[in-house]
Amino acid sequence: YLLGCNPLAQTGRSKLQNQRASLNQQIIKQMRMRAGAENLLKATSNNKVRDMVMLELSYVNSDLQLLMEQLEGLNSSVEVYQNVQLIIDVRVHGFDCVFDSCVCLWQDFILEHYSEDGANYQDEIDDLMDLRKACRTPSRNDAGIELLANYFTQLSLLESRFFSPNRQMGIFFTWYDSFTGVPVCQQNMSLEKASILFNMAALYTQIGTRSDRQTSSGLEESITAFQRSAGVLSHLKETFTHTPSYDMSPAMLSMLVKMMFAQAQECLFEKLALPGIRNEFFSLLKMAQEAAMVGEMYEQVHQSMIQTPIKDNVPFFWSIMAQVKTHHYRSLAHYFVSTALLDHQLNPSDDEDKQEKALSQLYDAMPDGRSPLDVLRHKDERRRIGKAHLQRAVVGQEEALRIQGLCRDLRKLSVLNDILQASHKRSLAKFEQKDKEDEFTDYMEAPDIISKTEQKAEMEVPASIKVKVKDLFHRLGPLSVFSAKQRWTAPRTVRLKVEDRDLGFTLKGDAPVQIQSLDPLCHAAADGLKEGDYVVAVGDADSKWMGVSDVMKLLKDVDEEGIDIQVVSMLDSSSQTMVCLLFPILKSFCGLSG
């Protein structure tokens, strides 16, 4: 199996993960203290005790608030995850190692359920532990995605092998929300599987942010990564509907999906603009609508982020970044339209009908009720509407700069500030070039621009969610037969002897084979063989994966002394219920309780 990054390496990323883990532990401690204080308040009627507890509770709440703010600060540590942070990534869930300390429970279950010595499967259990530990620090590339996908697929196999629907196995899965740091704990596999999917989606966002968006191939990689992240998050929302984690609540997942789409659309816009934007009428109108689409999608993201309870837990700089990008791309759209109207005139050689159609599709309603053709033909009207769009571009860019200044983390991003300043200066320079101060009296309000795109970001559910893997516990036998849903008798040894070149039964089925047409008077029947028994061993050979022909090869040379086989019988539902009721009592009596 692939290994994750070294969690002990003193890289910026590992240091950040270690700090987050430390904060998670401190948050747990404070939450336990708060729960204890609240319980004491309910239990006591002594006013003096209540006053002391209330005072202590105020200190605990204050400490907890500070820890939450520190966690938000770590989640805003943009420089660790990528070189230039203009795209938002999602932090992975952290998890506790309680799962790893339950080796004895895996061994106990193998012994109890499959009647095999669990110690013989120590290598498989160690491989499982190593695989899960590697998932704590997956590398931020396709190998990291493959690692998480391998573990996710193994979890489905483990669920069928070990997690009976009739009783709990006793293993607790503990994860920490990436946004709140609050631990979430469950005994079933759902939380584990959902958290791995969440981390896979988060890893895709980190791959997208690390791609070189100055190249076409890098932008394609980012687009694919964000669309796949949206696909995983959507699959998670639809499949795991009752996960107690706040990170995976329907509202949070919906917001994250919208954010992935917005970032993918932004990369699509950058891909169109990468070769350069021609100062040509149709090209400018096209880019205006593309920019308006990006701005519209970021507005939807921002509206999701300011809803309760998301606004209380999403990093502040996420919400501010969405606002900044909303204003920036809407301003770009107005700038492109103003350039198309101010820099270009309708010439006799131009396709008048085509320009009229393009302009009419730009607005819900034309400014001042003028027809598109009137605007195109009259220079003063083009100039007046073009100035209005330019004015909106300047105002919007100033608003983007103002909002950026409200967030300490965004103020640190010099690249973002440079982009916003350059866009603002470009619009101001054009305004000064095309206009005079005394002509402001002719100002009109430019209408909104209809968003439109040639290529909209689409959800892509990656095939890596489910990959083919080798079952770690393959030696237990075919999963279609040997699963946690079925219960079995302990293996019984039956002596086979040939009587008149006949064993007294026939075999049927795929691996493992079953006994059929059993002669009740044969030696094997007298020794305890039953109709429908499964043959799990012939002599010293394990036959759980053998078909009829393979088993017959082992039996064809049986001499007069005979050969031992091992068989198991499937218990019916009433027997299974009785065993499920008795086994916890036996475990407690024997001192084996997990």
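The preceding data block contains the structure.
If you're wondering where the values come from, they're calculated on a predicted model, not measured in any experiment. Starting afresh in each chain, residues are numbered from 1 along the sequence in its written order. With pLDDT at 70 or above as the cut-off, local features in this predicted model cover only qualifying residues; side-chain atom pairs require 80 or more to be listed or tallied, and sums for whole chains, interfaces and linings still use all residues. Hydrogens and water molecules were not included; the side-chain quantities draw on all heavy atoms of the structure.

**Digging into the nonpolar core**
What tends to happen in soluble globular proteins is that the nonpolar side chains get buried as a cluster.
Okay, so step 1: Judged by nonpolar contacts, the single largest core of 128 residues is most densely connected at Trp106, Phe162, Leu256, Trp318, Leu410 and Phe473.
Okay, so step 2: Strands are runs of DSSP state E lasting at least two residues, helices are runs of H or I lasting at least four, and both sets are numbered from the N terminus onward. The greatest single-element share of this core, amounting to 15 residues, is contributed by helix 11 (residues 316-343).
Okay, so step 3: Residues belong to one nonpolar core when they are buried, are Ala, Val, Leu, Ile, Met, Phe, Trp, Tyr or Cys, and are joined through side-chain atoms within 4.5 Å. Per-residue accessibility, obtained with a 1.4 Å probe over protein chains only, is compared with the maximum for each type, and a residue is labelled buried under 20%, exposed over 50%, and partly exposed between these values. Formed by 21 residues, the second largest nonpolar core is a distinct cluster that contains Leu496, Ala525, Ile565 and Val567.

**Concerning the packing of helix 14 (residues 379-404) against helix 16 (residues 414-434)**
Okay, so step 1: Between helix 14 and helix 16, whose axes approach to 9 Å, the crossing angle comes to 155 degrees. One element, helix 14, and the other, helix 16, form an angle in the roughly antiparallel class. Considering how the two elements wind past one another, helix 14 and helix 16 form a crossing that is left-handed. Here Arg383, Lys387, Leu390, Gln391, Ala393, Val394, Gln397, Glu398, Ala400, Leu401 and Gln404 of helix 14 come into contact with helix 16, specifically with Leu416, Asn417, Leu420, Gln421, Ser423, His424, Ser427, Leu428, Lys430, Phe431 and Lys434.
Okay, so step 2: Note that Gly is not counted as nonpolar here; it falls among the polar residues with everything else outside the nonpolar set of Ala, Val, Leu, Ile, Met, Phe, Trp, Tyr, Cys and Pro and the charged set of Asp, Glu, Lys and Arg. For the contact of helix 14 with helix 16, the class distribution of residues is 9 nonpolar, 8 polar and 5 charged. Interaxial angles span 0 to 180 degrees and are taken between N-to-C directions of axes, which are lines fitted to C-alpha atoms, for helices over the stretch in contact. If an angle is under 35 degrees, it is roughly parallel; if it is over 145, roughly antiparallel; if it lies from 65 to 115, roughly perpendicular; otherwise it is oblique. By the definition used in this description, the sense in which the near helix is turned from the far one sets the handedness, with an anticlockwise turn below a right angle giving left-handed and a clockwise turn giving right-handed. Contacts are assigned to residue pairs that have any heavy atoms within 4.5 Å of one another.

**Description of the packing of helix 5 (residues 122-134) against helix 6 (residues 142-162)**
Okay, so step 1: Contact geometry of helix 5 with helix 6 gives a least axis separation of 10 Å together with a crossing angle of 135 degrees. Accordingly, the angle class assigned to the pair helix 5 and helix 6 is oblique. Along this stretch, helix 5 crosses helix 6, giving a crossing that reads as left-handed. Each of Leu128, Leu131, Arg132 and Ala134 in helix 5 lies in contact with helix 6, whose residues at this interface are Leu147, Tyr151, Gln154 and Leu158.

**Brief notes about the packing of aromatic side chains**
Okay, so step 1: Classification of ring pairs uses Phe, Tyr and Trp, with its six-membered ring standing for Trp, and accepts pairs whose centres are within 6.5 Å; under 30 degrees between planes counts as stacked, over 60 as edge-to-face, and the remaining range as tilted. Per the stated rule, a full pass over the model turns up 11 aromatic pairs.
Okay, so step 2: A ring pair is formed by Trp106 and Phe162, whose centres lie 5.0 Å apart and whose planes are at 85 degrees; its orientation type is edge-to-face. Taken as a pair, Trp106 in helix 4 (residues 103-114) and Phe162 in helix 6 lie far apart in primary sequence, 56 residues in all.
Okay, so step 3: Classification of Phe162 by relative accessible area gives buried; the value is 1%.
Okay, so step 4: Taking the centre distance of 5.0 Å and the plane angle of 35 degrees together, the rings of Phe482 and Trp488 count as tilted.

**Focus: the pairing of strand 7 (residues 534-538)**
Okay, so step 1: Within strand 7, 5 of the 5 residues are buried, which leaves the element mostly enclosed by the surrounding structure.
Okay, so step 2: Any two strands between which DSSP finds at least two bridges are classified as paired. Sheet topology places strand 7 next to strand 8 (residues 541-542); 2 bridges connect them, and they run antiparallel. Of the residues in strand 8, the one forming a bridge with Ala537 is Asp542.

**Concerning the side chain of Thr209**
Okay, so step 1: Considering the arrangement of structural elements, one finds Thr209 in helix 7 (residues 189-210).
Okay, so step 2: A polar side-chain atom of Thr209 sits 2.9 Å from the main-chain carbonyl oxygen of Gln206. Polar contacts here mean pairs of N or O atoms no more than 3.5 Å apart (in protein, one a potential hydrogen donor and the other a potential acceptor; neighbouring residues in sequence count only if both atoms are side-chain atoms).

**Things to note about helix 10 (residues 281-305)**
Okay, so step 1: Taking 1.5 Å of rise per residue, 25 residues should cover 36 Å, and helix 10 covers 36 Å from first to last C-alpha, within 8% of that figure.
Okay, so step 2: The buried fraction of helix 10 amounts to 19 of the 25 residues, a majority that puts the element mostly inside the structure. One fewer than the residue count of a helix, multiplied by 1.5 Å, yields its expected span.

**Section: unusual backbone geometry**
Among all residues except glycine, the phi angle is most often negative; among peptide bonds, the trans geometry is most common.
Okay, so step 1: Here Thr308 and Pro309 are connected by a cis peptide whose omega angle stands at 5 degrees.
Okay, so step 2: Ala511 connects to Pro512 through a cis peptide bond whose omega is -10 degrees.
Okay, so step 3: Locating Pro512 in the fold gives a position in the loop between strand 5 (506-508) and strand 6 (514-516).
Okay, so step 4: Despite not being glycine, Ser115 has its phi angle at roughly 55 degrees, a positive value.
Okay, so step 5: Its location among the elements puts Ser115 in the loop between helix 4 and helix 5.
Okay, so step 6: Phi is positive for Ser517, which is not a glycine, with a value near 50 degrees.
Okay, so step 7: Inspection of the secondary structure assignment puts Ser517 in the loop between strand 6 and helix 17 (523-526).

**Observations concerning a negative patch on the surface**
Okay, so step 1: Patch construction takes residues with relative accessible area above 30% that form no salt bridge. Like charges are linked within 9 Å, and nonpolar side chains (Val, Leu, Ile, Met, Phe, Trp, Tyr) are linked within 5 Å. Using a 1.4 Å probe, accessible areas were evaluated by the Shrake-Rupley method; residue-level cover was limited to the displayed protein chains. Throughout this description, the term salt bridge denotes a Lys or Arg side-chain nitrogen within 4 Å of a carboxyl oxygen of Asp or Glu. This count recognises Lys and Arg as positive and Asp and Glu as negative, with His and chain-terminal groups excluded. Working definition for charges: the position is that of NZ of Lys, CZ of Arg, CG of Asp or CD of Glu. Taken together, Asp123, Asp126, Asp127 and Asp130 make up a surface patch of like negative charges.
Okay, so step 2: With respect to the element layout, Asp126 can be found in helix 5.
Okay, so step 3: Judged by its relative accessible area of 33%, Asp126 is partly exposed.

**Let's talk about the environment of Glu280**
Okay, so step 1: Looking at the secondary structure, you find Glu280 in the loop between helix 9 (250-273) and helix 10.
Okay, so step 2: With 59 residues separating them in the primary sequence, Glu280 and Thr339 have C-alpha atoms 9.0 Å apart.

**Section: the pattern of salt bridges**
Where charged atoms of side chains with opposite charge meet at close range, the side chains can pair.
Okay, so step 1: Counted by the stated rule, this structure contains 22 salt bridges.
Okay, so step 2: Across the pair Lys325 and Glu266 runs a salt bridge, and its minimum N-O distance is 2.9 Å. A residue pair is termed long-range when its members are at least 10 positions apart, and Lys325 in helix 11 and Glu266 in helix 9 qualify at 59 residues. There is no split in this pair, since Lys325 and Glu266 are both buried.
Okay, so step 3: Taking the shortest distance from any N to any O, the salt bridge between Asp542 and Lys544 comes out at 2.7 Å.
Okay, so step 4: Here the salt bridges share partners, and the residues they tie into one network are Glu116, Asp542 and Lys544.

**Looking at helix 9**
Okay, so step 1: The first and last C-alpha atoms of helix 9 sit 35 Å apart over 24 residues, in line with the 34 Å expected at 1.5 Å per residue.
Okay, so step 2: The element helix 9 is extensively covered by neighbouring structure, given that 17 of its 24 residues are classed as buried.

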